[in-house]
Amino acid sequence: DTAVSQTPKYLVTQMGNDKSIKCEQNLGHDTMYWYKQDSKKFLKIMFSYNNKELIINETVPNRFSPKSPDKAHLNLHINSLELGDSAVYFCASSQMGGRTGEAFFGQGTRLTVV
Amino acid sequence: DQQVKQNSPSLSVQEGRISILNCDYTNSMFDYFLWYKKYPAEGPTFLISISSIKDKNEDGRFTVFLNKSAKHLSLHIVPSQPGDSAVYFCAASGRRGADGLTFGKGTHLIIQP
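Residues numbered from 1 in each chain as written. Chains lettered and ligands numbered in written order. Predicted model: local features only at pLDDT ≥ 70, side-chain atom pairs only at ≥ 80, totals over all residues. Heavy atoms only, no water.

Draft legend 1. Representation of the overall build of chain B within the structure. On a plain count of helices and strands, chain B comes out with 0 helices and 11 strands. Secondary structure of chain B in N-to-C order comes out as β-β-β-β-β-β-β-β-β-β-β. Against the compact-globule benchmark of 13 Å for 113 residues, chain B has a radius of gyration of 13 Å, which places it among compact chains. Dimensions along the principal axes, computed over C-alpha positions, put chain B at roughly 40 × 30 × 20 Å. Here chain B, with 113 residues, has 45% of them falling under the buried criterion. Just so you have it, chain B exposes about 5,500 Å², and 49% of that area is on carbon and sulfur atoms. One finds the centroid of the 12 positive side-chain charges in chain B at a distance of 4 Å from the centroid of its 10 negative side-chain charges. (Helix = DSSP H or I, 4+ residues; strand = E, 2+ residues; numbered from the N terminus. Rg over C-alpha atoms; globule rule 2.2 N^0.38 Å. Buried < 20%, exposed > 50% of the residue type's maximum accessible area, 1.4 Å probe, protein only. Areas by Shrake-Rupley, 256 points an atom, 1.4 Å probe, with all protein chains shown as cover. Lys, Arg positive; Asp, Glu negative; His and termini not counted. Charge placed at Lys NZ, Arg CZ, Asp CG, Glu CD.)

Now the structure itself:
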């Protein structure tokens, strides 16, 4: 029973297309995140979202938008895909005020834009 | 501007010996420091963390040490086992957890039989 699951695991698409990546967590956490791991292997926060606020990393283009239908889901929509968007995208969740600061990660979605 | 740095891209250790992974940070406002382990094609898995008010935390074979004055932390794995071969990421979080984790670039640990 996967704690944080994201689909699809692999996504190959053409430049200019619009795509979505879905994420669900069954941990009852109140905060969800999207991270991007680029070709240099850096893992960087893109968004964090709980029922009170959306925090956006200022470096993220506005072609990227998170959508949260409920507390357990945070989907990532990407418009007008570009070659530079190719990366691995990780969804994560955590509980605010937790003792360890720990976040749980999904398995990742490898996006390839051709 | 990297706030969390792991200066060793890779580390090779013999099975049974101690593995020491190092991490430096620049932001004094970090509240928690964490270590994650990552296998290829999988997401990072939480290993161990330490609060900024402590200097040591131990969990089985894993111990994390924090030196706040030097802005340095290290992960000790003893004894090292073949299954420990993976990429290890150092991460830090601020008091406002909603800001997420700031990661280092990772160290690829290879355990030699």
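Draft legend 2. Quick look at the overall build of chain A. Along the backbone of chain A there are 0 helices and 11 strands. Scanning chain A from its N terminus toward the C terminus, one meets helices and strands in the order β-β-β-β-β-β-β-β-β-β-β. Relative to its length of 114 residues, chain A is compact, with a C-alpha radius of gyration of 13 Å against a globular reference of 13 Å. Here chain A, with 114 residues, has 44% of them falling under the buried criterion. Sequence-distant contacts in chain A: of pairs separated by 6 or more residues, those separated by 24 or more amount to 56%. Element-wise, carbon and sulfur atoms account for 49% of the exposed surface of chain A, whose accessible area totals about 6,000 Å². (Contact = heavy atoms within 4.5 Å.)

Draft legend 3. Structural detail: the pattern of salt bridges. Residue and element names in this part refer to chain A. Inspection of every chain in the model, using the stated rule, returns 4 salt bridges over all chains. A salt bridge links Glu82 to Arg63; the nearest nitrogen and oxygen atoms lie 3.5 Å apart. Taken together, the residues Glu82 in the loop between β8 (73-78) and β9 (87-94) and Arg63 in the loop between β6 (54-56) and β7 (64-70) connect sequence positions 19 residues apart. By relative accessible area, Glu82 is classed as partly exposed at 42%. One salt-bridge network, in which partners are shared between bridges, spans Arg63, Glu82 and Asp85. (Salt bridge = Lys/Arg side-chain N within 4 Å of Asp/Glu carboxyl O.)

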